[in-house]
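Structure at a glance
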Amino acid sequence: MNISTLVPTVRPYQSYVYAYPHKTAYRPLADRPALRELWAAEPKDALSLYLHIPFCEVRCGFCNLFTRIGAPEGLVAAYLDALERQAGAVREGLGEDARFAAAAFGGGTPTFLEAAELERLCDIAEKGMGADLAAVPLSVEASPATATADRLAVLAGRGTTRLSLGVQSFVDAEARSAVRPQRRADVEAALGRIREAGIPVLNIDLIYGIEGQTERSWRRSLDAALSWRPEELYLYPLYVRPLTGLGRKGSREPKAEWEAEWDEQRLRLYRAGRDHLLAHGYEQVSMRMFRAQGAPSTGGGDHACQTDGMVGLGCGARSYTSALHYSFDYAVDMREIRGIVDDYVSRPAADFAHAEHGRPMTGDEARRRHLLQSVLQAEGMELAEYRARFGTDPAEDFPVELAGFAARGWLDPDAAPGRLRLSPEGLAYSDALGPELFSSAVRAAMATYDLK
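Residues numbered from 1 in each chain as written. Predicted model: local features only at pLDDT ≥ 70, side-chain atom pairs only at ≥ 80, totals over all residues. Heavy atoms only, no water.

**A look at the environment of Ala 225**
Tracing the backbone shows Ala 225 in helix α7 (residues 215-226). Judged by relative accessible area, Ala 225 falls into the buried class, the value being 0%. Distance in space between the C-alpha atoms of Ala 225 and Asp 205 is 9.2 Å, their sequence separation being 20 residues. Apart from residues lying up to four places away in sequence, Ala 225 is in contact with Phe 170, Ile 204, Leu 206, Pro 230 and Leu 233. (Helix = DSSP H or I, 4+ residues; strand = E, 2+ residues; numbered from the N terminus. Buried < 20%, exposed > 50% of the residue type's maximum accessible area, 1.4 Å probe, protein only. Contact = heavy atoms within 4.5 Å.)

**Things to note about the nonpolar core**
Within the largest apolar cluster, 116 residues are counted, with the highest numbers of intra-cluster contacts made by Leu 49 and Leu 206. When residues in this core are grouped by element, the largest group, 10 residues, is from helix α2 (residues 75-94). In this structure, Leu 49 is in contact with Phe 100, Ala 102, Ala 103, Ala 104, Ala 125, Met 129, Ala 131, Val 311 and Leu 313, ignoring residues within four places of it in sequence. Grouped together as the second largest cluster of nonpolar side chains are 11 residues, Ala 178, Val 240, Val 285 and Met 289 included. (Core = buried A, V, L, I, M, F, W, Y, C linked by side-chain atoms within 4.5 Å.)

**As for the side chain of Arg 367**
In this fold, Arg 367 is placed in helix α11 (residues 363-375). The exposure class of Arg 367 is buried, given its relative accessible area of 18%. Sequence-distant contacts of Arg 367, that is, excluding residues within four places in its chain, are made with Tyr 386, Phe 390, Thr 392, Asp 397 and Phe 398.

**Section: the packing of α2 against helix α10 (residues 334-345)**
α10 packs onto α2 with a crossing angle of 60 degrees between their chain directions and a minimal axis gap of 8 Å. Judged by the inter-axis angle, α2 sits oblique to α10. The hand of the α2/α10 crossing is left-handed. Contacts from Leu 75, Ala 78, Tyr 79, Ala 82, Leu 83, Arg 85 and Gln 86 of α2 reach α10 at Val 341, Asp 342, Tyr 344 and Val 345. (Axes fitted to C-alpha atoms, helices over the stretch in contact; angles between N-to-C directions. Parallel < 35°, antiparallel > 145°, perpendicular 65-115°, else oblique. Left-handed = near helix turned anticlockwise from the far one by under 90°.)

Below, the structure is given as structure tokens:
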């Protein structure tokens, strides 16, 4: 077997694979299939529910999420009206036997909504979709400025089990460099309010690779976060993507003379952060996620992301069936996003009964997704689970890719028999390993996507 093309050194930071295929591989669905048809034969006893809020008080320089800055008067109410109409159409499409095992509010910034609006959002999830928020794990994203006591009281009272706070850096100069205007004092005050609210799991997001960041300043942020004893910490490498604030400024544009230096900085800070958290009693769940030993689990106990469906509400949400991944149109540019939001809030209920943009999931793509979502977790993947689902072995389906991973030292030779697991170096290179499992068809679709 010739694996020479896979063995050469690769750049460690290529693409954050949080979902496969990426939305840039989606295309308009000419037949606009009805949700009732899409979900008719799907297992629906352990679904995940995601509600998307496309508003933020500011947009960070590195952010390429589907969100807009602020909301003109009346837009939030109109958005919630549309979300309610969509919930009615989607629930009818799912049928009476749909049951949710997990829920999440993301964005954007869900806590951009005021307290009464958050109550309504929870009502849409419960009364509109039938999710029992008090009985299933509920994760909510927040920013320091919007984590106010009244909003947190609503979330805690409605069953939120995990709140994720986007801090990124406790060093004010680094926050400014990342175009995230905030003061450490305000961040600390928000963390105090979150702890007072009594939400069981606090997650703090931090970013490494910011211009001017050093191991010493990185340690300052890590220690500041650890002083709050968060149940979870996410460590994200900085990316600069087209149409983002940093991308428009020209900062960190791809230039050969400093690419290698920036890669080395991020790898060095990743390893320092990983080792620091491990030394403080955290366990590594993935390249990004670290959980305190003994912290409560925040996943749906009977929901498996590799196999169970997801139902997304909101103009930036995506939904998964075994045969199709679908969503609304995708954009990064502010003007394009505003247009998509405006179109969403004007839609009648009947428009929400169909899928409009998406990508069919063939057997090959399902195998790739299963392998990706399993092997990028620190615990790895039981080969028996893969065989039971697909009737084949990963080594049969992906011989070249797995041989290349092994040749680079990315696979753990000491993993238990029957388990495919990454080595510490493989986890460090997750953002290079993941893209190598993309199919040629998905690569081609992403390459020809008209970025907007």
